[in-house]
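Here is how the chains run, residue by residue.
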Amino acid sequence: MSVYDPLNGYLAKQSDPVIKMSFAEVERVLGGPLPASARKHRAWWGNETGRGHSHARSWMDARRQTRNVDLNTATVEFVK
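None of the values given here were measured: they were computed from a predicted structure.

Enquirer: Please clarify how the sheet that holds strand S2 (residues 65-70) should be interpreted in this entry.
Expert: The strands that make up a sheet pair up through hydrogen bonds in the backbone, lying either parallel or antiparallel. As summarised here, the arrangement of the 3 strands in space is S1-S3-S2, forming an open sheet in which the pairing is antiparallel. At either margin of the open sheet sits one strand with a lone partner, and together these are strand S1 (18-22) and S2. With direction set aside, neighbouring strand axes in the sheet form an average angle of 20°. Bridge analysis of S2 against strand S3 (residues 75-79) gives 4 bridges, and the strand direction is antiparallel. Of the residues in S3, the one forming a bridge with Asp 70 is Thr 75.

And the structure:
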């Protein structure tokens, strides 16, 4: 089980093609804080499912990809 499973479950239940979330909303869904790298590095939000990318698998397994990651406003979009 991954700490990112709650995000997968949340996104899988959403019908809207674009889900815009603040990082704080993502943290509420997760039930805990994002790692510091999520707030500092846009690459953390990349759509790669290789080794060490369980966070990306959480949204990609829900048939979503990220776009419009804005570190200044701490927001991200998950799109179908």
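Now that the structure has been shown, we can carry on.
Enquirer: Looking at this model, I keep getting lost on the packing of helix H1 (residues 5-13) against helix H2 (residues 23-30). Mind explaining?
Expert: Each packed pair of helices is defined by two parameters, the angle between the axes and the distance between the axes. Where H1 contacts H2, the axes come no closer than 8 Å and their chain directions differ by 105°. It follows from the interaxial angle that H1 and H2 lie roughly perpendicular. From H1, Pro 6, Leu 7 and Tyr 10 reach across to H2, where they touch Val 26, Val 29 and Leu 30.

Enquirer: Mind showing me how you'd approach unusual backbone geometry here?
Expert: Negative phi is the rule for most residues except glycine; trans is the rule for most peptide bonds. Backbone geometry at Arg 63 places phi at a positive 60°, although glycine is not the residue there. With respect to the element layout, Arg 63 can be found in the loop between helix H4 (54-60) and S2. Residues other than glycine seldom take positive phi values, yet Asn 68 does so here, at roughly 50°. Mapped onto the elements of the fold, Asn 68 is located in strand S2. By relative accessible area, Asn 68 is classed as exposed at 51%.

Procedures and definitions
Residues numbered from 1 in each chain as written. Predicted model: local features only at pLDDT ≥ 70, side-chain atom pairs only at ≥ 80, totals over all residues. Heavy atoms only, no water. Pairing = 2+ DSSP bridges. Helix = DSSP H or I, 4+ residues; strand = E, 2+ residues; numbered from the N terminus. Axes fitted to C-alpha atoms, helices over the stretch in contact; angles between N-to-C directions. Parallel < 35°, antiparallel > 145°, perpendicular 65-115°, else oblique. Contact = heavy atoms within 4.5 Å. Buried < 20%, exposed > 50% of the residue type's maximum accessible area, 1.4 Å probe, protein only.

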